[in-house]
Amino acid sequence: MGKRFRYDAFISYRHCQPDNEIAKQLQKKLENFRLPKAITDKIGKVRPLRIFRDETELTVADDLSDAISTAIWESKYLICVCSPSYLESVWCMKEIDAFLRFNDRKHILLVLADGEPVTSFPEVLLYEEVFQMGPDGHPQKYRQYKEPLAADCRGDSPRERKAKTDNAVIRLVSGIMGISYDELSQRHRKEEYNRTRNRVLVVFGVLLAIIAVCVFFLARISRQKVQISRQQEELQAHKDEIEAQKNTIQQKYEDSIAGISENLLRDGKRKDAVYAARSVLPDNKTDGYSDSALKALSGALGIYEFPDLVVSDDSIQFPCAISNYNVSPFGGYIAVLGLDQNRFVMDVSSGKMLLRYQDTQYADCVFDGDRGVVFQRDNENYKYLDFASGTETDLGLGDVKLISDPLGNGYASITDDEIVIFRGPEALCRLDVRGESLPDTVKIRSFAYVFFSIDGNEACIIISDYDSGTTYVYSADLKNGSVQNRFTDRSGIIDCCTDGKTMLSLKSGSQTSVILCAKDLATGKEVLSSKYNVAMIPSGFAVFGDDIVYYTQNKIYIYDLNFGLKKTIDTDTELSAYIFTPEGIAIFDTQDGCYLIRNGECRFFDPDMDDTNLILSKEFADGTLFLSTTGSNQIDTFSYRETDYLKPYADTPVSFSIRNKLDDPEIPALEDKVMKKEKEFSRNMIYEVIMCENADYAAFQLWDGEVCVYSRLTGDRVKTLYPADGYVWSFYYDASCGNYYIGTENSVEVFDSEFRSIGSISGCSLSGYDGATGHPVVTHRRGDDLDYYLVMPVSYEELISLADDLLSGYEPSQRVREKYGLS
């Protein structure tokens with residue numbers, strides 16, 4: 001090379017897979033490539049190629065930009081590792097431009113790492129400028145497509161790509177050294193063949209020597225049968241040891257995945273936790289599965305989580321920090337606006353992104369139940385995306401205010417001229433506001449609201465003129481599309497809402513009081529509440545079915561439709577906003593809690609998140625509380641755990657029999673039997689012996705916390721445990737299913753008939769069993785109350801089936817895989 005060229009080639013590639021992997025292999029193989037002897041005899045000895053690749057040539061102290069520019073200048077050829085990702089890299093394109101400033105494009109060699117040529121090769125290398133005579137007889141410049149020659153390294157696996165890299169290296173060497181590819185390839189194959197032949201000859205010679213030695217020793221072996229037998233036994237023992245080591249390694253791997261599953265569950269990634277544990281468990285129960293993995297799967301599925309427990313279900317990830325979001329009425333979809341002004345609409349169950357667009361105008365984005373979403377891209381009309389078909393429909397709406405029914409019955413558009421109610425992309429009915437001869441002072445867009453009835457057959461349109469104290473109420477029949485004026489109220493309503501059947505309004509009672517009025521929209525009958533002192537002006541009020549809810553900063557009042565008080569709830573945290581949901585009225589506090597009210601009852605959701613996290617926004621849908629924190633790119637979900645395997649128990653359980661050393665002579669006799677065989681501890685290390693109820697087993701509790709289970713018939717040890725929650729109190733066998741239950745003060749461990757772990761029930765103790773079914777009963781403390789639950793049996797096959805039904809083809813994200821080491 002001339003003095004300018006320090007490198008034979010510069011490798012340009014994107015730092016992602018498989019580009020990075022292929023670039024690394026190309027550099028290594030090019031620098032180690034040796035020309036066949038037949039070639040060197042012809043052209044003389046050639047020094048090894050020098051290849052520049054930024055990860056190996058630069059030190060930490062280098063100026064990357066200057067170093068790369070210099071390396072490009074000093075390189076004779078440019079090798080581009082092309083893929084769709086390569087075209088997205090601005091720096092890779094700049095490397096090509098920089099090389100072409102000093103070199104001819106013939107000195108650019110292409111390697112296809114992924115994708116197809118048309119989607120992977122830079123456009124500047126696909127076209128060349130040519131001159132042809134034009135119709136006017138003058139030469140004209142044209143861009144002519146010319147697909148460049150490229151080495152193909154694509155493959156579905158690293159092994160397949162590595163094999164193709166060898167052929168690519170030959171093609172690149174031929175281009176760099178100016179040697180015919182066919183000649184170089186042929187000579188290379190011939191030399192490889194000669195090397196392989198020589199190796200075979202060496203191996204064959206070695207084999208002949210071995211055979212000779214074997215023949216020699218066969219004579220001796222025939223006279224030493226005893227020695228041969230011993231050697232065979234040793235060999236078998238060695239094989240058994242290798243197999244045992246293999247099984248140990250496999251067991252440790254599966255146990256480590258169980259630990260990953262527990263970490264995922266701890267971090268609120270329940271579905272990923274199920275995936276991790278399920279990935280190392282066979283479809284059918286065999287001896288070769290990890291007890292820890294099955295126990296982790298049971299925990300991730302929430303098999304033994306108590307029904308009154310609010311638990312984290314999952315964390316829904318988005319590719320940006322969240323500015324605000326809303327959830328569809330039945331929780332199937334989420335619309336998120338990022339701080340980068342990108343709008344996303346996601347299918348929650350699959351994690352699939354259905355929409356992604358720029359929203360710099362902060363346009364409304366509302367759901368039509370779980371059927372579709374109404375959205376507006378910049379400088380376009382509002383469109384309707386149907387989730388089932390995936391089709392978009394232009395609604396012809398521009399500058400409008402949108403209102404979505406939180407119960408999932410439709411949505412409405414509001415302008416100063418008309419109010420239109422939709423379901424799907426079709427309009428059900430419309431109100432020509434200007435045709436109603438309303439005063440010009442009425443601000444339709446600002447103070448018009450649409451409330452859908454619970455059954456979805458009707459809607460109530462309320463227009464408030466706060467200047468005159470007048471409220472106009474219209475009724476819309478969503479079946480026949482008619483709209484009529486229901487009544488006009490001139491009593492100075494301060495605020496109002498309705499569930500489509502009852503209209504609840506707040507009025508001034510006097511200078512120091514307010515009053516609520518409940519009006520039956522069908523009959524016109526009104527019921528007035530007692531006057532509330534101004535100090536009790538509500539933070540919010542709502543009506544849903546038979547419930548009227550009125551709340552202040554720290555108290556919730558639930559009334560019937562005649563203002564008969566049903567219940568009062570004091571709250572520890574200040575209350576803020578409320579929303580309607582298909583499940584009832586959801587009232588949020590200023591931290592992470594939510595109160596769900598329906599049919600006179602209140603259920604409190606308390607996720608108990610870290611107090612240092614500042615809650616950005618909350619939504620409630622389908623029995624699930626959705627929470628996001630400021631600056632986060634994820635939405636966490638929480639729900640009350642419902643399980644079929646812990647059922648509330650109202651009867652009195654049958655108590656266990658109490659047996660101890662002083663009263664039961666069988667226990668000292670069993671200790672004698674066990675200590676004759678036990679070599680790992682002495683008798684004075686035994687803290688207590690717990691006899692199994694209904695089975696011939698006993699648990700020996702040692703002072704160091706270890707628990708050993710023995711057969712009462714033989715004295716053999718069958719299981720060793722290390723309970724995390726104190727000392728064993730009870731030991732029970734459920735003959736109806738073959739499961740064993742070992743209880744401490746704060747937990748119960750569940751085992752199958754072979755003493756293999758199934759799961760753990762935390763926060764409870766064994767209290768007895770049901771006399772009819774034989775299933776165990778546990779006691780769970782909730783505040784000052786003690787609740788009883790019947791423990792239903794669960795099998796290996798049921799756990800696997802539940803996991804498969806939940807996952808249904810689900811795969812964790814790449815980010816989760818990398819963060820938790822989940823291969």
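Rules used throughout
- Residues numbered from 1 in each chain as written.
- Predicted model: local features only at pLDDT ≥ 70, side-chain atom pairs only at ≥ 80, totals over all residues.
- Heavy atoms only, no water.
- Buried < 20%, exposed > 50% of the residue type's maximum accessible area, 1.4 Å probe, protein only.
- Helix = DSSP H or I, 4+ residues; strand = E, 2+ residues; numbered from the N terminus.
- Contact = heavy atoms within 4.5 Å.
- Salt bridge = Lys/Arg side-chain N within 4 Å of Asp/Glu carboxyl O.
- Pairing = 2+ DSSP bridges.
- Axes fitted to C-alpha atoms, helices over the stretch in contact; angles between N-to-C directions.
- pLDDT = per-residue confidence, 0-100.
- Core = buried A, V, L, I, M, F, W, Y, C linked by side-chain atoms within 4.5 Å.
- Expected span 1.5 Å × (residues − 1).
- Arc of directions from axis to C-beta.
- Polar contact = N/O pair within 3.5 Å; in protein donor to acceptor, adjacent residues only side chain to side chain.
- Parallel < 35°, antiparallel > 145°, perpendicular 65-115°, else oblique.
- Left-handed = near helix turned anticlockwise from the far one by under 90°.
- Nonpolar A, V, L, I, M, F, W, Y, C, P; charged D, E, K, R; others polar.

## Quick notes on helix H12 (residues 270-279)
Phase 1 of the analysis: Judged by how many residues are buried, H12 sits mostly within the fold: nine of ten residues are covered.
Phase 2 of the analysis: The set of residues buried in H12 consists of Arg270, Lys271, Asp272, Ala273, Val274, Tyr275, Ala276, Ala277 and Arg278.
Phase 3 of the analysis: Elements in contact with the buried residues of H12: helix H11 (225-266), helix H13 (291-300), strand S8 (310-317), helix H16 (796-807) and helix H17 (814-820).

## Looking at the pattern of salt bridges
Once the charged atoms of two side chains with opposite charge are near each other, the side chains can pair.
Phase 1 of the analysis: Applying the stated criterion to the full structure yields 37 salt bridges.
Phase 2 of the analysis: The partner of Arg270 in a salt bridge is Glu305, and the shortest N-O contact between them spans 3.2 Å. Taken as a pair, Arg270 in helix H12 and Glu305 in the loop between H13 and S8 lie far apart in primary sequence, 35 residues in all.
Phase 3 of the analysis: Residue Arg270 is classed as buried on the basis of its relative accessible area, which comes to 8%.
Phase 4 of the analysis: Note that Asp489 is salt-bridged to Lys507, the shortest N-O span being 3.6 Å. Separated by 18 residues along the polypeptide, Asp489 in strand S24 (residues 483-489) and Lys507 in strand S26 (residues 502-510) bring together distant segments of the chain. Pair check on accessibility: Asp489 and Lys507 agree, each one buried.

## Concerning the pairing of strand S51 (residues 776-782)
Phase 1 of the analysis: In terms of burial, S51 is a largely internal element, five of the seven residues being buried.
Phase 2 of the analysis: Of the pairings in the sheet, the one linking strand S50 (residues 764-769) to S51 comprises five bridges and is antiparallel in character. Looking at the pairing, Tyr769 lines up with Pro776 of S51.
Phase 3 of the analysis: From the end of S50 to the start of S51, which pair antiparallel, there are six residues, and Gly774 there has a positive phi angle of about 85 degrees.
Phase 4 of the analysis: With antiparallel pairing between neighbouring strands as the criterion, S51 and strand S52 (residues 785-791) make up a hairpin whose turn holds two residues, including Gly783 at a positive phi of roughly 65 degrees.

## A word on the sheet that holds strand S37 (residues 601-605)
Phase 1 of the analysis: Strand order in the open sheet formed by four strands is S34-S35-S36-S37, and the pairing between neighbours is antiparallel. The sheet is open, and its two edges are formed by strand S34 (575-581) and S37, each paired on a single side. This sheet shows a mean twist of 20 degrees between the axes of neighbouring strands, independent of strand direction.
Phase 2 of the analysis: Sheet topology note: the strand S36 (residues 594-598)/S37 ladder contains five bridges and is antiparallel.

## Concerning the confidence of the model for the chain
Phase 1 of the analysis: The predicted model of the chain averages 86 in pLDDT, with 95% of residues at 70 or higher.
Phase 2 of the analysis: The low-confidence segment residues 57-63, where pLDDT is below 50, has eight contacts with residues more than four positions distant or belonging to other chains.

## Digging into the environment of Phe318
Phase 1 of the analysis: Topologically, Phe318 is positioned in the loop between S8 and strand S9 (322-327).
Phase 2 of the analysis: Distance in space between the C-alpha atoms of Phe318 and Ser765 is 41 Å, their sequence separation being 447 residues.
Phase 3 of the analysis: Every residue in contact with Phe318, bar those within four places of it in the chain, is listed here: Ile334, Val336, Phe344, Met346, Met353, Asn633 and Ile635.

## Side note on the pairing of strand S42 (residues 686-691)
Phase 1 of the analysis: Strand direction decides the pairing type here: S42 and strand S43 (residues 697-702), joined by five bridges, are antiparallel. Residue Ile686 lies in a different strand from S43, and its bridge partner there is Leu702.

## Comments concerning the sheet that holds strand S7 (residues 150-152)
Phase 1 of the analysis: Taken in spatial order, the five strands line up as S2-S1-S3-S4-S7 in an open sheet, and their pairing is parallel. With one partner strand each, in any of the chains shown, strand S2 (51-52) and S7 form the two edges of the open sheet.
Phase 2 of the analysis: As defined by bridge partners, strand S3 (residues 75-82) adjoins strand S4 (residues 108-112) across five bridges and the pair is classed as parallel. Bridge pairing links Ile79 to Leu109 in S4.

## Details of the nonpolar core
As a rule of thumb, soluble globular proteins bury nonpolar side chains together.
Phase 1 of the analysis: The biggest cluster of nonpolar side chains holds 50 residues, and the ones touching the most others in it are Leu281, Leu297, Tyr304, Leu646, Ile761, Val778 and Leu799.
Phase 2 of the analysis: Ignoring any residue separated from it by four or fewer positions in sequence, one finds Leu297 in contact with Val274, Ala277, Arg278, Leu281, Leu799, Ile800 and Ala803.
Phase 3 of the analysis: Core analysis: the second largest hydrophobic core is formed by 37 residues, Leu504, Ile548, Phe563 and Ile597 among them.

## Structural notes on the environment of Ala71
Phase 1 of the analysis: Structurally, Ala71 is set in helix H4 (residues 64-73).
Phase 2 of the analysis: Classification of Ala71 as buried rests on a relative accessible area of 3%.
Phase 3 of the analysis: For the pair Ala71 and Phe5, spaced 66 residues apart in sequence, the C-alpha to C-alpha distance is 9.0 Å.
Phase 4 of the analysis: If we skip the residues at most four places from it in the chain, Ala71 touches Tyr7, Phe10 and Phe52.

## A closer look at H16
Phase 1 of the analysis: The first and last C-alpha atoms of H16 sit 17 Å apart over twelve residues, in line with the 16 Å expected at 1.5 Å per residue.
Phase 2 of the analysis: Those residues of H16 lying buried are Tyr796, Leu799, Ile800, Ala803 and Leu807. Relative to the axis of H16, the buried residues are bounded by an arc of 95 degrees and lie together on one face.
Phase 3 of the analysis: Turning to H16, the residues buried within the fold contact H12, H13 and strand S49 (757-762).
Phase 4 of the analysis: Ser808 occupies a position one or two residues after H16 and carries a positive phi of about 45 degrees.

## Section: the side chain of Arg270
Phase 1 of the analysis: At 2.8 Å, the side chain of Arg270 forms a polar contact with the backbone oxygen of Ala300.
Phase 2 of the analysis: Reaching out from Arg270, the side chain makes a polar contact with the side chain of Glu305 at a distance of 3.2 Å.
Phase 3 of the analysis: In contact with Arg270, other than residues within four places in its own chain, are Leu265, Gly299, Ala300, Leu301, Gly302, Glu305, Val311, Ser312, Asp313, Asp314 and Arg641.

## A closer look at the packing of helix H9 (residues 158-177) against helix H10 (residues 181-222)
Phase 1 of the analysis: For the pair H9 and H10, interaxial distance at closest approach is 9 Å and the crossing angle is 135 degrees. Looking at the two axes, H9 sits oblique to H10. Where H9 crosses over H10, the handedness of that crossing is right-handed. Each of Asn167, Ile170, Arg171, Val173 and Ser174 in H9 lies in contact with H10, whose residues at this interface are Tyr181, Leu184, Ser185 and His188.
Phase 2 of the analysis: Grouping the constituent residues of the contact of H9 with H10 by class yields four nonpolar, four polar and one charged.

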